[in-house]
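An overview of the molecular structure
Chain by chain, the residues run as shown.
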Amino acid sequence: MRTLVRRLRQGAPTGVLLVVLGIFVVLPMLFIALAAFSDDVPRPGSIGLDSLSLDNFAIVGSAEALGALGNSVLIAALASVFAMAIGCGLAFLAARADVPGRRFLYFVGIAPMFLPSLVGALAWSLLGSPATGFLNLMFQSVGLDVTLNIYSMPGLIMVLALYYAPYAFLLVHGALSLMNPDLEEAAFVHGGTRRRTLSWVTFPLALPAILGSGVLIFALTMENFPVAQVIGNPGQVETLPSFIYRLMNASPSRGTEAAAVAITLTAVLLIVTALQQRAVMRRKFTTGTGKGVKTKLVSLGRWRWPLFIAALVYFLLAVVLPIGALLISALQSSPYVSSLGQLTEPGALSFYMIGQLILSPDFLQSAGNSAVTAVLAALLGTAVSFVVAYTVYRTNSAGRRVLEFVAMAPLAVPAIVLGLGLLWTWLVIPLPVYGTVFVLVIAFMAVFLPQGYRGVTSSILQVDRDLEDSAVLLGARRAKAVSWVTLPLMRVGMVSTVLLLLMLCMRELSAALFLFTSDTRLLSILIFDNYDNGAMQGAASVSLLYCVIILIIALLAKSFGAKTVDGAR
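Here the structure is a predicted model, which means the values were calculated and not measured.

Turning next to the overall build of the protein. Within the protein, the secondary structure is distributed over 24 helices and 0 strands. Computed over C-alpha atoms, the radius of gyration of the protein comes to 25 Å, within 12% of the 25 Å expected from 2.2 N^0.38 for 569 residues, which places it in the range of a compact globule. Taking the principal axes of the C-alpha coordinates as reference, the protein spans close to 90 × 75 × 50 Å. Put simply, the protein has 569 residues, and 50% of those count as buried.

So this is what it looks like as structure tokens:
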């Protein structure tokens, strides 16, 4: 009897956490699967168990779904290739090359992350619209018979590549910066040229980062909804996320078929993730030895300046031109521009629109909702991540590995799909959460749980467990030892995780698409609504202020993070 009681007490923390994560993560997935095999979507009083069938999967074989699947795979593959070329190239220049302005190139590599893909797509629709795009107006004004059409598959691929290249940059830059130079020196000693050493030693050692970023970018571009909707929809280029959105917004809504398509999208992402894991796990890539590392720069010779200029062109396309287009569009007195000369006329540009927007109830409410949702989701998400990570790595509770698997599961589920499952979950559960900002907080916590868990896990593994156990041996209770020893030692990692989740939540759109109401609109939703209603000038104005808010958060995060690091020393 005592053994049973002891086992129940040991398993209780894991059981409670599994119930919590089950409601946040597993239940939405189950509702998606249930809807895919049912004649009706889950709703209060009926979850559809009495009408199971495979009829919904007929749409997966339809020409529309197959076309959307083919477009998604092709666009994600090509966008990943171009994003990897840009990101890895910039990472090499900033980390290992003797190119001028390496610190500036690091800024160039991460700067597009301050522009959510929704804002980038909107800006490029202002730049490259065939009829009134600013770039086409400029071509006309100088007499060039050239028309740029961003509403096409190449345009969609270009915009995705521009705004997902920073993911490859960050991962590969870290790998190249920390690489042990002894291996390259050994290759030189044995007669290897610079080119052969880069090809056979340097880049193969960075393969985990390259493969990891490649799969990450493929998954993110495959599930991306905002760019597909803003750029692809006018050009009739449909992808699986935009197809799911169209099914959900049909009249009547085709939720069960959308669930079947969502399962197909999730299955593709699972296959890609499994292939990446298999490729990485079959080889060893250890390069760190514990010694100090000082990498040597690679001489580019006559290619130094051309490659530096190529990096500037990327900065121009990803940041300068989009911000300029948003600014001009927001300042226009008239929403219609037929020539660039019109913008130079007296009174053509004015801050009146932006001033009115800042004071408007819609903007203030959306900004408040975004701030409250992001702060709550970041704080609660970090707290949940810490409890899960502590249970997995600091206790002997039964089932803790299952806990880790559940915490990482949202990584393989597209945000728009998880948002769909959360909609049905919180409609069925008899708690008054749907229609409030709390359902958005729950959605963001669920979507970004893997990022929060990984951030906290890396910190908790760096803190020696003996320090906490010593406090317990000296008479402190376990909770007090965690509060006074473990958590203070982890504060840098904990703060970094909070800030990461804060930034991710401020940028998110897809997970909130099916969960917001008129009282709980976020800034990203306000931009999308303006775009959807044809109010491009309003969308540009909100986008501009949205970028300013994200930039302020990033600067505050950097300042607060620096103080925390200094305080931890």
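The buried count for helix α18 (residues 437–447) comes to 10 of 11 residues, which makes it a mostly enclosed element. Here α18 has its buried residues at V437, V439, L440, V441, I442, A443, F444, M445, A446 and V447.

In this section: the confidence of the model for the protein. Mean pLDDT for the protein: 83, with 91% of residues reaching 70 or above. The secondary-structure element of the protein with the lowest mean pLDDT is helix α7 (residues 181–189), recorded at 71, while helix α13 (residues 304–331) shows the highest, at 92.

Among the nonpolar cores identified, the biggest contains 176 residues, and V388, W424 and F444 are the most heavily contacted of them. Apart from residues no more than four positions distant in its own chain, W424 is found in contact with F31, I32, A35, V41, P42, G255 and A259.

Let us now look at the pattern of salt bridges. Under the criterion given, the structure shown has 10 salt bridges. Among the ionic pairs, D98 bridges to R304, the shortest N-O distance being 3.8 Å. Of this pair, D98 sits in the loop between α2 (63–96) and α3 (102–110) while R304 sits in helix α13, and the two are 206 residues apart along the sequence. R478 serves as the salt-bridge partner of D469, at 3.0 Å between the closest nitrogen and oxygen. Sharing partners across several salt bridges, the network here consists of R394, R465, E468, D469 and R478.

Take the packing of aromatic side chains next. If you walk through the whole model with that rule in mind, you get 14 aromatic pairs. Ring centres 5.8 Å apart and planes at 75° place the aromatic pair F104 and F315 in the edge-to-face group. Taken together, the residues F104 in helix α3 and F315 in helix α13 connect sequence positions 211 residues apart. Classification of F104 by relative accessible area gives partly exposed; the value is 33%. Overall, the relative accessible area of 16% leaves F315 in the buried class. Aromatic pair F225 and F528: ring centres 5.7 Å apart, planes at 55°, arrangement tilted. Of this pair, F225 sits in the loop between α9 (207–223) and α10 (226–232) while F528 sits in helix α23 (residues 523–532), and the two are 303 residues apart along the sequence. Just as F225 is buried, F528 falls in that class too. Here a set of aromatic residues connected by ring pairs shows up, and it is made of F225, Y245, F514, F528 and Y531.

The rules we used
- Residues numbered from 1 in each chain as written.
- Predicted model: local features only at pLDDT ≥ 70, side-chain atom pairs only at ≥ 80, totals over all residues.
- Heavy atoms only, no water.
- Helix = DSSP H or I, 4+ residues; strand = E, 2+ residues; numbered from the N terminus.
- Rg over C-alpha atoms; globule rule 2.2 N^0.38 Å.
- Buried < 20%, exposed > 50% of the residue type's maximum accessible area, 1.4 Å probe, protein only.
- pLDDT = per-residue confidence, 0-100.
- Core = buried A, V, L, I, M, F, W, Y, C linked by side-chain atoms within 4.5 Å.
- Contact = heavy atoms within 4.5 Å.
- Salt bridge = Lys/Arg side-chain N within 4 Å of Asp/Glu carboxyl O.
- Phe/Tyr/Trp six-rings, centres within 6.5 Å; stacked < 30°, edge-to-face > 60°.

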